Amino acid sequence: MKSKNHPLLGIHSLLMMIFIYIPIIIIIVYSFNSSRLASSWSGFTFDWYISLFENSYVMEALTNTLIVAVVSTLVSTLLGTLSALSIRKARKKIKAGMGGLIYLPIIIPDIIMGLSLLMLFTQFHIPLGRLTIIIAHITFSISYVHVVVSTRLTGMKDGLEEAAQDLGAGAWQTFRLVTMPQILPGIISGAIIAFTMSLDDFMVSFFVSGPNSTTLPIYIYGQVKRGISPEINALCTILIIVSVTLIFLAQFILNKGKGQKKQSVLPF
């Protein structure tokens, strides 16, 4: 006998969705407002999106953001995948302990991570700039890649690698022909999530950035202190669309394959 959900649960879910998404919808709508005043609607326009690409400061921030995101994604994907593979067959206690350490960058507040990394760079006299942002983003992105790839490894069919070795395949052949194709969707999904996290990060980047290494989130924060403009709304809209698209793409890739159980790309 099927149990019916209480009507109040549906109302509660609807109110939660409204509470979460109404502010985002307002930002998107007012990014097309022809007036610079956010308090009134004067008409529909794409001018603010056009002016974004004519703004040299936005283009500089965009360049920094993409460089940081691409480099940190490549490095964190490699290291996160290797860490997932390395502790895969470790003893249960060791695996649990290592897993807990890898989860820490996800669990601890961003402000603490940003402050701790700032102190680290200061102690080693590393000048703040694009390099320090890349190192910081690699630090927290490794955890996300590790979690996604580990989830994929857990979902692998038992005995595939042993069967390949029984048929004469060496360790490298087994990894290249059996393990790698199985975990590749997880690696790609982890890379997409790492790229998205780097693209959107503000708190950690704010602590470890230098004067000539402004990223888009930091630029947005600096402009908002002077007042919210349609240009900022347009920039936020672009970031929202890119981030949501990448997350859905990561989820699609992770769930790709017939007969595979759906897995969440997020570790919480």
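The structure we're discussing is the one just above.
The text that follows walks through the structure, step by step, so that each part is easy to find.

## A closer look at the side chain of T81
Line of reasoning, step 1. Relative to the helices and strands, T81 is located in helix 3 (residues 56–86).
Line of reasoning, step 2. Excluding its chain neighbours within four sequence positions, the residues that come into contact with T81 are S76, V145, V149, I183 and I187.

## Some words on helix 1 (residues 7–30)
Line of reasoning, step 1. Its 24 residues place the ends of helix 1 34 Å apart at the C-alpha level, agreeing with the 34 Å of an ideal helix rising 1.5 Å per residue.
Line of reasoning, step 2. Along helix 1, the sharpest kink reaches roughly 35 degrees, centred on Y21 and followed within four residues by the proline P23.

## Overview of the packing of aromatic side chains
Line of reasoning, step 1. Throughout the structure, instances matching the rule amount to eight aromatic pairs.
Line of reasoning, step 2. On the numbers, 6.2 Å between centres and 85 degrees between planes, the contact of F206 with F207 is edge-to-face.
Line of reasoning, step 3. Under the relative-accessibility criterion, F207 is labelled buried at 19%.
Line of reasoning, step 4. With 5.7 Å between their ring centres and 75 degrees between their planes, F206 and Y221 make a pair best called edge-to-face.

## A short note on the environment of G129
Line of reasoning, step 1. Tracing the sequence through the fold places G129 in the loop between helix 5 (110–123) and helix 6 (130–154).
Line of reasoning, step 2. C-alpha separation for the pair G129 and S209, spaced 80 residues apart in sequence, amounts to 5.0 Å.
Line of reasoning, step 3. In this view, G129 contacts V208, S209, G210 and S213; residues no more than four positions away in its chain are not counted.

## As for the packing of helix 3 against helix 10 (residues 216–224)
Line of reasoning, step 1. Packing of helix 3 against helix 10 brings their axes to within 8 Å, and their N-to-C directions diverge by 145 degrees. Residue-level contacts link Y57, V58, A61, L62 and T65 of helix 3 to L216, P217 and Y219 of helix 10.
Line of reasoning, step 2. Partitioned by chemical class, the residues of the contact of helix 3 with helix 10 number seven nonpolar, one polar and no charged.

Rules used throughout
Residues numbered from 1 in each chain as written. Predicted model: local features only at pLDDT ≥ 70, side-chain atom pairs only at ≥ 80, totals over all residues. Heavy atoms only, no water. Helix = DSSP H or I, 4+ residues; strand = E, 2+ residues; numbered from the N terminus. Contact = heavy atoms within 4.5 Å. Expected span 1.5 Å × (residues − 1). Bend = angle between axes of the 7 residues up to and from the residue. Phe/Tyr/Trp six-rings, centres within 6.5 Å; stacked < 30°, edge-to-face > 60°. Buried < 20%, exposed > 50% of the residue type's maximum accessible area, 1.4 Å probe, protein only. Axes fitted to C-alpha atoms, helices over the stretch in contact; angles between N-to-C directions. Nonpolar A, V, L, I, M, F, W, Y, C, P; charged D, E, K, R; others polar.

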